[in-house]
Amino acid sequence: MTLDSAKIAGLSDEGLFRVLNDDGSIVDGYSSLASEEVLLRAYREMKRLRVLDARMMLLQRQGRIGFYGTCTGQEATPIAAALAIAKDDWVFQALRESSIMLVRGFPLTRYIAQIFGNSHDVLKGRMQPSHMAGRAVNQVSWSSCIGPQLPQAVGAAWASKLKGDKTVVLGFLGDGATSQPDFHNALNFAAVYRVPCVTICQNNHWAISVPASKQTASSTFAVKGRAYGVPSYRVDGNDLLAVYDTIKRCVEAARAGEGPSFIECVTYRIGAHSSSDDPTRYRSQEEVDEWIAKDPKKRLQLHLTKRGLWNDSREEELEKELNVEIGEAITLVEKYEAPARETIFDDVYEQLPWHLAEQRKELLNHPPAPTHS
Ligand SMILES: Cc1ncc(C[n+]2csc(CCOP(=O)(O)OP(=O)(O)O)c2C)c(N)n1
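These numbers were taken from a predicted model, which means no experiment stands behind them.

> Sorry if this is basic, but what is going on with the overall build of the protein chain here?
Across its full length, the protein chain holds 12 helices and eight strands. Taking 2.2 N^0.38 as the reference for a compact globule, 373 residues should give roughly 21 Å; the C-alpha atoms of the protein chain span a radius of gyration of 21 Å, in line with that estimate. Within the protein chain, buried positions represent 43% of all 373 residues. Of the contacts made within the protein chain by residues no fewer than 6 positions apart, 74% connect residues no fewer than 24 positions apart.

> Looking at this structure, I do not really get the site of the ligand. What am I missing?
Lining the immediate surroundings of the ligand are 17 residues, of which Ile146, Gly174, Gly176, Ala177 and Ala207 lie closest. Looking at the shell around the ligand, the elements with two or more residues in it are strand E3 (169-174) and strand E5 (206-207). Broken down by class, the residue content of the shell around the ligand amounts to eight nonpolar, six polar and three charged.

> So what exactly am I meant to see when it comes to the sheet that holds E3 here?
Adjacent strands of a sheet pair through backbone hydrogen bonds, lying either parallel or antiparallel. Taken in spatial order, the six strands make up an open sheet running E2-E1-E3-E4-E8-E7, and their pairing is parallel. The two strands at the open ends of the sheet, each matched to only one other strand, are strand E2 (139-140) and strand E7 (232-236). When E7 meets strand E8 (residues 261-266), the two strands line up parallel, connected through five bridges. By the bridge assignment for E8, Asp236 is matched with Val266. Together, strand E1 (90-92), E2, E3 and strand E4 (197-203) form the strand contacts of helix H5 (residues 149-163), whose direction differs from that of E3 by roughly 170°.

> Is there a simple way to explain helix H10 (residues 296-306) in this structure?
Given 3.6 residues per turn, any residue in an α-helix points the same way as the ones three and four places further on. Three or more residues of H10 are buried, namely Pro296, Lys297, Arg299, Leu300, His303 and Leu304. One side of H10 carries all its buried residues, which in axial view fall inside an arc of 165°. In this fold, the buried residues of H10 make contact with helix H1 (36-61), helix H2 (76-84) and helix H8 (240-255). A positive backbone phi angle near 75° is found at Gly308, which sits one or two residues after H10.

> Explanation requested: the pairing of E8 in the structure shown.
The two faces of a sheet get side chains in turn, since along a regular strand they alternate between them. Within E8, six of the six residues are buried, which leaves it mostly tucked inside the rest of the structure. Burial of E8 is two-sided: the residues Ser261, Ile263 and Cys265 facing one way and the residues Phe262, Glu264 and Val266 facing the other way are all buried. With six bridges joining them, E4 and E8 adopt parallel strand pairing. Residue pairing in the sheet places Val198 in a bridge with Ser261 of E8. Handedness of the crossover is the feature at issue here: the chain leaves E7, passes through H8, returns alongside E8, and the resulting connection is right-handed.

> How should I be thinking about the packing of H1 against H2 in this particular structure?
Describing two packed helices takes the angle between their axes plus the distance from one axis to the other. Orientation of H1 relative to H2, taken along the N-to-C sense of each, is 135°, at an axis distance of 10 Å. Taken together, the axes of H1 and H2 lie oblique to each other. Crossing handedness for the pair H1 and H2: right-handed. Contact residues: H1 offers Val38, Arg41, Ala42, Glu45, Met46 and Leu49, while H2 offers Ala76, Ile79, Ala80 and Leu83.

> Please clarify how the packing of H1 against H10 should be interpreted in this entry.
Interaxial distance between H1 and H10 falls to 10 Å at its minimum, and their mutual angle equals 145°. Along this stretch, H1 crosses H10, giving a crossing that reads as left-handed. Residues Leu39, Ala42, Tyr43, Met46, Lys47 and Arg50 of H1 lie in contact with H10, whose contacting residues are Lys297, Leu300, Gln301 and Leu304. Taken together, the residues of the contact of H1 with H10 break down into six nonpolar, one polar and three charged.

> Could you clarify how one ought to interpret the nonpolar core in this entry?
Note on soluble globular proteins: their nonpolar side chains tend to be buried together. Counting 87 residues, the largest nonpolar core has Ile79, Ala80, Val198 and Ile247 as the members making the most contacts within it. It is H8 that provides the largest number of residues to this core, a total of 10 residues. Once residues within four sequence positions are removed from consideration, Val198 is found in contact with Val168, Leu170, Ile247, Cys250, Val251, Ala254, Pro260, Ser261 and Ile263.

> Would you mind showing me how to read the environment of Ala186 here?
Mapped onto the elements of the fold, Ala186 is located in helix H6 (residues 181-192). Accessibility expressed as a C-beta count within 10 Å gives 32 for Ala186, which makes it buried. For the pair Ala186 and Gly147, spaced 39 residues apart in sequence, the C-alpha to C-alpha distance is 9.3 Å.

> Before we go on, may I ask you to explain the pairing of E7 in this structure?
Of all five residues in E7, five are buried, a share of seventy percent or more. Burial of E7 is two-sided: the residues Ser232, Arg234 and Asp236 facing one way and the residues Tyr233 and Val235 facing the other way are all buried.

> Quick question: what am I supposed to make of unusual backbone geometry here?
Trans peptide bonds make up most of the peptide bonds, and negative phi angles are found at most residues other than glycine. Of note in this structure, Asn138 is not a glycine but carries a positive phi near 55°. Relative to the assigned elements, Asn138 resides in the loop between helix H4 (108-116) and E2. For Asn138, a count of 21 C-beta atoms within 10 Å translates into the label buried. One non-glycine residue, Arg194, lies in the positive phi region at around 45°. Exposure remark for Arg194: the 17 C-beta atoms within 10 Å place this residue in the partly exposed category.

> In this structure, what is going on with the environment of Met127? I would like to understand it.
Structurally, the position occupied by Met127 is in the loop between H4 and E2. Residues Met127 and Gly174, 47 residues apart in the sequence, show an inter-C-alpha distance of 20 Å.

Basis of the calculations
Residues numbered from 1 in each chain as written. Predicted model: local features only at pLDDT ≥ 70, side-chain atom pairs only at ≥ 80, totals over all residues. Helix = DSSP H or I, 4+ residues; strand = E, 2+ residues; numbered from the N terminus. Rg over C-alpha atoms; globule rule 2.2 N^0.38 Å. Buried ≥ 20, exposed ≤ 12 C-beta atoms within 10 Å, placed from the backbone. Contact = placed C-beta atoms within 7 Å. Near = placed C-beta within 6 Å. Nonpolar A, V, L, I, M, F, W, Y, C, P; charged D, E, K, R; others polar. Pairing = 2+ DSSP bridges. Axes fitted to C-alpha atoms, helices over the stretch in contact; angles between N-to-C directions. Arc of directions from axis to C-beta. Right-handed = clockwise from strand over helix to strand, strands pointing away. Parallel < 35°, antiparallel > 145°, perpendicular 65-115°, else oblique. Left-handed = near helix turned anticlockwise from the far one by under 90°. Core = buried A, V, L, I, M, F, W, Y, C linked by C-beta atoms within 7 Å.

Written out as structure tokens, the structure is:
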């Protein structure tokens, strides 16, 4: 299955590819690649992410975690991406795609432990909250600088091509990151070396307080791929089926040796940029309300209901189940201690150089500083 956009109505770099109409029906004559099983799983994961984000924001407001970045309103892209790739594929995320790890089997408790930065966190509390990584699921942490994950993704894809192992790499960015040199370096290199990298831009209309209209004068973000010779597509990012089908086709094309692609997913950040941001300073509630009406979770729910796969009692049951799952995970994780002090010396050198070994010993000879509760 490779990508022949000429045969797929609406799939282009200036159009807006849609599969689901607003009422949850499918565009006439279109047949999606997503099975019922994929759709039900996708809905569950979208809802889990929404519940999780809401709980994490509450914890942040209660002072129990330091920082959080939600994905509310944008869930279709990460969840569809997670379901469209193979086990060995790699993911280089930006801020709003951590949930891909969860869908690919990373344990919820370890995920939440990263947000607390405690001893159950595989990153040992070294990264800012919401900057996860999981070697077990081939997901690389975002550095917080806007853009560097893109040349990294292209480099990993180049390695895959050189090794001939058929692994595909996804690299994510926001609309703001298209103004960073790394975006241009990455797309150029990807095209010249025809690497198996699918670059996905979540155009959520805002880069903190900078609107998409001030980010570029191009007609769309997707057309930027043309300049580099990267096949590019613009899709409705609130339409899980459109995103799933497009990513799946691009990934399979990359796996078949057809090189890179670039996808712009048009969506909207319903919440604040992060727990440190107040969006009422720069955008109107009317604008937010317009996008709440285009909720990607609601649209998929309508679709499943139309197909007889979903109803109110299943929704209620799922809500209860997710609240228990997430509530129990938080209770468990919050009890873990901080990472041991000496772990700051781990993971850089196979054998500690003498001066660091000396510092480590010195540290262990001193009692820990008192903690303040
Ligand atoms: C190189 C660099 N410049 C500026 C910042 C500050 N900053 C953090 S997030 C952000 C906006 C990112 O917007 P976008 O790429 O659209 O992603 P979004 O947060 O909307 O998902 C900026 C400018 C940064 N982290 N790194």
